[in-house]
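Observations on the model geometry
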Amino acid sequence: MAKAKNDGKKYIVPFSAFKKKVIKEMPPAMLLFLSEKVLLDELIKEVAAKFIGKGYNPKNNLVKFYSDECEIEEVINECSNLSFLSDKRIVIYKLVKRTGVRGIQKSSKEGLLNYLKNPNPDNILIILNSDKEFTFSNFEDFEDTGLGIYIINTDSETEIIQWVKDEFEDYKISEETIEHLLLFMNPSYDEIHSEIEKLKTYCINAKEVTITDVNLCVGMTKNFDENNLFEAILNRDFNGAMSIYNSLNSKQEASYKETEIYLINLVGWLFIALHKLQNSELASRPEDFTLFRELKIWKDGHRMIGLYKKYMKDLNELKIKKAFEYIYTADRSLKSSSQDKLLVINNLIHNLINL
């Protein structure tokens, strides 16, 4: 009789339940199947708070290895080494797909088993598979070895809604508005997180998110990427920037009646980021999610930072000041019912591109 295929279903667990289990038990090593970066960051933060405490510093206490750069034996040796300083560490070994290699090589099993018999209490080892599609049978040799195995289920609508509520923190938002937001989203925590950060910035004064805000801030950007507008301005492409505006303005839905206000907000974010980058200390920081979030770059951060810095070669304090004057003037003009909105946006884009 043929052996039934091992699909690993018994290891599937919702993220919220997984966090409670891991934080409570804190296994010395685990095999984790999780494709959402924002959830991994959340997990690391909570594990660090429990395992390391307030003194947690990613530079000292978080170590990352990649399977296309080193074998797991090297990672195990690193975990086994005792430090005289007794610095606790979270060690992540990320599995990277390679031709001819599936999962963890069987030859690595013995070394991992030996480590699990006497793990270093100052380290937590996370073997991470971040691929959404995987074959669990490639990992079954590590069952019943003492290695914690967790396959994170991210498909629960109830879990996503609760997670979104938590992400909005002290912002007021109804469940109806959350469900409306999710209509625009793919079932991806990373994508949803990016849109939540935009909404929180967009609604920072009111501290309340409504369906209208979702339509303006998220529904609109599903028809174009705000980076398209930024690129057009940074590349001094007047026709490209105006075509984005004209495309949005041609829509008949009521939710698009404030297109001009939204575009002015986007342009404001862009020049605030450019102004911040004039600070040499900030400009020299590592190009990571923390920097992208501070500059409100929600997608393709490394490439966009490159465009920002290239544009800034011809930028100075006086030009930045003029840009904010143009933005303020356009915003004020739109509040006057007698103003031609197309002319206001036309003048704004023209002025910014010709700084």
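Summary of the structure given here. (Residues numbered from 1 in each chain as written. Predicted model: local features only at pLDDT ≥ 70, side-chain atom pairs only at ≥ 80, totals over all residues. Heavy atoms only, no water.)

Our focus in this paragraph is unusual backbone geometry. Only a minority of non-glycine residues have a phi that is not negative, and only a minority of peptide bonds are not trans. Phi is positive for Met-26, which is not a glycine, with a value near 45°. Looking at where Met-26 falls in the secondary structure, it is placed in the loop between α1 (15–25) and β2 (29–33). On the basis of relative accessible area, Met-26 is assigned to the buried category, the value being 19%. If you check the backbone angles, Glu-169 has positive phi at about 50° while not being a glycine. Among the structural elements, Glu-169 can be located in the loop between α6 (157–167) and α7 (175–183). (Helix = DSSP H or I, 4+ residues; strand = E, 2+ residues; numbered from the N terminus. Buried < 20%, exposed > 50% of the residue type's maximum accessible area, 1.4 Å probe, protein only.)

All told, the structure shown has 14 salt bridges when counted by the stated rule. Between Lys-207 and Asp-170 there is a salt bridge, with its nearest N and O atoms 3.5 Å apart. With Lys-207 in the loop between α8 (189–202) and α9 (211–219) and Asp-170 in the loop between α6 and α7, the pair connects residues that are 37 residues apart, well separated along the chain. When its relative accessible area of 32% is taken as the criterion, Lys-207 is described as partly exposed. Close ionic contact of Glu-195 with Lys-198 constitutes a salt bridge, the shortest N to O distance being 3.1 Å. In this pair, Glu-195 and Lys-198 both sit in helix α8, three residues apart, roughly one turn of the helix. Here the two residues Glu-195 and Lys-198 agree in accessibility, since each one is buried. A network of salt bridges, in which partner residues are shared, links Lys-19, Glu-42 and Glu-46. (Salt bridge = Lys/Arg side-chain N within 4 Å of Asp/Glu carboxyl O.)

Turning next to the packing of aromatic side chains. On inspection of all chains with the given rule, the structure shows eight aromatic pairs. Between Tyr-11 and Phe-136 the ring centres are 5.4 Å apart and the planes differ by 35°, which places this aromatic pair in the tilted class. Note that Tyr-11 is positioned in the segment before β1 (12–14) and Phe-136 in the loop between β5 (123–129) and β6 (148–153), a separation of 125 residues in sequence. Centroid distance Phe-271 to Tyr-311: 6.4 Å. Interplanar angle 80°. Geometry classified as edge-to-face. Here the residue Phe-271 occupies a position in helix α12 (residues 259–276), and Tyr-311 occupies one in helix α15 (residues 301–312), the gap between them amounting to 40 residues. As far as burial versus exposure is concerned, Phe-271 and Tyr-311 are alike and both buried. Through pairs of rings, three or more aromatic residues link up here, namely Tyr-11, Phe-33, Phe-134, Phe-136 and Phe-139. (Phe/Tyr/Trp six-rings, centres within 6.5 Å; stacked < 30°, edge-to-face > 60°.)

Bringing the side chain of Lys-19 into the picture now. Here Lys-19 lies in helix α1. Accessibility expressed as a relative area gives 15% for Lys-19, which makes it buried. A polar contact of 2.7 Å, which involves the side chain of Lys-19, links it to the side chain of Glu-42. Once residues within four sequence positions are removed from consideration, Lys-19 is found in contact with Glu-42, Leu-43 and Glu-46. (Polar contact = N/O pair within 3.5 Å; in protein donor to acceptor, adjacent residues only side chain to side chain. Contact = heavy atoms within 4.5 Å.)

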